[in-house]
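Examining the three-dimensional arrangement
Chain by chain, the residues run as shown.
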Amino acid sequence: MIDSPAIVPAPPPPAALVLDDDESMRDLLRAVLESLGHRVLEAGSVEEARRLLRARPWDLLLCDVNLGDGSGIDAARAARVLCPDIAIVMVTCRDDPETENAASSLGVQGYVVKPFSVAQVTSAVRRALSTQQPDPVANVESKDGSPRNRR
Amino acid sequence: MVESLVRAPVEPTVGPHFTSRRCRLRSKLGAEGCCNGTRAFPCPTRRNGPLQVEVIPVPVDGSARASWAVVCAGSFRPTRGNTLSSHGLRPLGWLRHAPLFRFVPLLRRLVCGFPGLGAGRNCAMDSGVSVAEPSVLLVDDDDVSRSVLAIVLKRSVRATVTEAESAERALSLLDGGLKPDLFVLDARMPRVTGYELCRKLRDDPRWEASPIVVLSARSGPAAIDDAMDAGADEVMFKPFDPLTIGDVLGRLLALRRGHKGRRLTGAGASEQDRALGAAVDTLRPRFKRTLLALADELAGHVDEWRVEGAETLAHIQVLVHRLAGTAGSYGMTDLSRAAREIDLTLEGGESTATGDLLTAIERLVTKMRAEGQDR
């Protein structure tokens, strides 16, 4: 007979949604998040993301900006309404001030520019989850990986 | 090899029924070669050492009857309370109220994948060989639930999904030659219910051994009994958590990608980095296959561009723009830089098939093929 193990309370692993229309990019982001202990589902379009956001509460949205059926900003806006405490990290191909401003106004906690290193995504996700609350001063991941604040 | 441990109940409120059932399960496992509650299952699909599995009795909706959660030991954090998910437990799956004679085969099936489906595919997946996506027939009259399940199956489980809004439609698809690897059936549908459809499938020699999951809006032992009596392998309750159902259906289809399921919460940072590095390495062969397909697509667009002018320019720009981000993130910096230069040129308003631009794109296609073929 095996004895009952000691009681060790553990928080549930964060539920993360990856939104990107590029399957290879979703693979990579999923690997990063799973290595951090997250439970991950993927969406390939804004509409798919909306449906999954409605289906359960989420802790993190990691989303591309340029998507086939719309903008990641639309998905981030929907996420803010459906899961108000969700941490959002935008991942995009271009350092576009207009997009960054739109993201910041939604209280997006992180912004990563492609191509990225795994370490950049990891640190942006950790920082976003540690803040968690919507904050107009978003952490922005610069190309060299150092955080900078953007208002 | 897979080992299973039969643990004592984690719930403080477990009654005599659970104790009795646990003893019977231990006895059953013991009769099959179990020693002190530990049993090793041969698992041809797993190559990276033993997988620890915990089998825990958990009350169903506070009822006195037990169901059994099968939990990865790595994620096992026993806590007070009577649900697993509220405490961060991540079950491999559930074996609800299964008669003991079915328990051991069900456990083996849950852990190792379905016979005839899991072994070959998993081994191929682990070795990076391209395999066909598994096929799932999803039968549900509720559009919302069906669409969420379809997204989970397509995007996260990487299955080919055929949707049917009724049992009649499902039967007609099967008569038309559809051969699914897995059935997901809603229990309550008008005219022919999911249970009735499940019985019809079990009576058909083509599907008598196929994995069938029934989704039930009713919870509790009666719903489990109905599903099991109809011949289902698994029953899951609505409203379902897409994360959990994705895990369970992915496991049922034995679709274990190299990085999937490695949970390192609580591990040291260096251990996480090593695991992540290994996970990214396992993704590279898949990305290289994607690169080859993208190279062919890009070459095709370039040929069209020569003939049709600017009509196909938008397609080229989308491909090149995406490639610049993705290739760089996979560490292919030269390829990323070449794509970025072309992307910037196109963004700058270049719309004619100039010699320089065509040469640059053709050089990019050559680089993509070289990277894609490099093993």
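Worth saying up front: this structure is predicted, and the values here are computed from it rather than measured. Per-chain numbering applies: the sequence of each chain, read as written, is numbered from 1 onward. Whichever chain is written first is A, and whichever ligand is written first is 1; the rest continue in order. pLDDT decides what is reported in this predicted model: residues at 70 or higher carry local features, side-chain atom pairs at 80 or more are listed and counted, and totals for whole chains, interfaces and linings draw on all residues regardless. Calculated side-chain values reflect all of the structure's heavy atoms, with hydrogen atoms and water omitted.

Notes on the sheet that holds strand 2 (residues 39–43) of chain A
Sheet strands associate in pairs through backbone hydrogen bonding, adopting either a parallel or an antiparallel arrangement. Paired strands, in this sense, are two strands between which DSSP finds at least two bridges. Only DSSP runs of H or I with at least four residues qualify as helices, and only runs of E with at least two residues qualify as strands; both kinds are numbered from the N terminus onward. Strand order in the open sheet made by the five strands is 2-1-3-6-7 (chain A), with parallel pairing throughout. In this open sheet, the two strands that pair with only one neighbour each are strand 2 and strand 7 (110–113) of chain A. Averaged over all pairs of adjacent strands, the angle between strand axes in this sheet comes to 15°, irrespective of strand direction. Note: strand 1 (residues 15–19) of chain A against strand 3 (residues 60–64) of chain A, four bridges, orientation parallel. Pairing of Leu19(A) across the sheet is with Cys63(A), part of strand 3 of chain A. Lying on the sheet, helix 1 (residues 23–35) of chain A is in contact with strand 1, strand 2 and strand 3 of chain A; it crosses strand 2 of chain A at an angle near 165°. Across the face of the sheet, helix 8 (residues 242–252) of chain B comes into contact with strand 1 and strand 2 of chain A while running at roughly 95° to strand 2 of chain A. Here the axes come from fitting lines to C-alpha atoms, over the contacting stretch only for helices, and the angles between their N-to-C directions go from 0 to 180 degrees. Contact definition: two residues touch when any of their heavy atoms are within 4.5 Å.

Things to note about the packing of aromatic side chains
Two aromatic rings from Phe, Tyr or Trp, using only the six-membered ring of Trp, form a pair when their centres are within 6.5 Å; if the ring planes differ by under 30 degrees the pair is stacked, by over 60 it is edge-to-face, and anything between is tilted. Using the criterion set out here, one finds two aromatic pairs over all chains in the structure. Summarising the aromatic geometry, the rings of Phe183(B) and Trp207(B) are spaced 5.5 Å apart at their centres and angled 75° between planes, so their arrangement reads as edge-to-face. A residue pair is termed long-range when its members are at least 10 positions apart, and Phe183(B) in strand 8 (residues 182–186) and Trp207(B) in the loop between helix 6 (194–203) and strand 9 (212–216) qualify at 24 residues. Accessibility classification places Phe183(B) together with Trp207(B) in one group, the buried group. Here, a charge over a ring is recorded when the distance from Lys NZ or Arg CZ to the ring centre is within 6 Å and its angle to the ring normal is within 35 degrees. Over the aromatic face of Trp58(A) sits the side chain of Arg56(A), whose NZ or CZ is 5.5 Å from the ring centroid. Burial here depends on accessible area, computed with a 1.4 Å probe over protein chains only, as a share of the maximum for the residue type. Under 20% is buried, over 50% is exposed, and the range in between is partly exposed.

Here's the deal with the confidence of the model for chain A
All names here are of chain A. Confidence in the prediction of chain A, expressed as mean pLDDT, is 81, and 79% of residues score 70 or more. Summary of the metric used: pLDDT quantifies the predictor's per-residue confidence within the range 0 to 100. Below a pLDDT of 50 lies the segment residues 1–7, which in the model reaches 20 contacts outside its immediate sequence neighbourhood of four places, other chains included. Segment residues 134–151 is flagged for pLDDT under 50; beyond a separation of four residues in sequence, or across chains, it makes 50 contacts in the model.

Re the sheet that holds strand 9 of chain B
Residue and element names in this part refer to chain B. Read from one edge to the other, the open sheet built from five strands follows the order 7-6-8-9-10, with strand pairing classed as parallel. Two strands lie at the open edges of the sheet, namely strand 7 (160–164) and strand 10 (234–237), each paired on one side alone. Here the strands of the sheet are splayed against their neighbours by 20° on average, with no regard to which way each runs. In the sheet, strand 6 (residues 135–139) pairs with strand 8 via four bridges, with the strands oriented parallel. Counterpart to Val139 in the pairing with strand 8 is Leu185. Packed onto the sheet, helix 6 meets strand 6, strand 8 and strand 9 and runs at close to 150° relative to strand 8.

Side note on the nonpolar core
Soluble globular proteins tend to pack their nonpolar side chains together in the buried interior. What is meant by a nonpolar core is a set of buried Ala, Val, Leu, Ile, Met, Phe, Trp, Tyr and Cys residues, joined one to another through side-chain atoms within 4.5 Å. Leu62(A), Leu298(B), Leu364(B) and Met368(B) are the most contacted members of the largest nonpolar core, which has 53 residues in total. If one sorts the elements of this core by residue count, helix 9 (residues 269–308) of chain B sits on top with twelve residues. Residues Val136(B), Leu153(B), Leu182(B) and Leu215(B) belong to the second largest nonpolar core, which totals 50 residues.

Focus: the pattern of salt bridges
Should the charged atoms of two oppositely charged side chains come close, the side chains can pair. Here a salt bridge means any side-chain nitrogen of Lys or Arg lying within 4 Å of a carboxyl oxygen belonging to Asp or Glu. Per the counting criterion, the structure on display carries 26 salt bridges over all chains. Here Arg146(B) makes a salt bridge to Glu163(B), at a shortest N to O gap of 3.0 Å. Separated by 17 residues along the polypeptide, Arg146(B) in helix 4 (residues 143–156) and Glu163(B) in strand 7 bring together distant segments of the chain. Among the residues examined, Glu163(B) registers a relative accessible area of 31% and is labelled partly exposed. As a salt-bridge pair, Arg206(B) and Asp204(B) come within 2.8 Å of each other at their nearest N and O atoms. Among the ionic contacts, a cluster of salt bridges with common partners joins Glu23(A), Arg26(A), Asp27(A), Arg30(A), Glu34(A), Glu42(A), Arg158(B) and Arg286(B).

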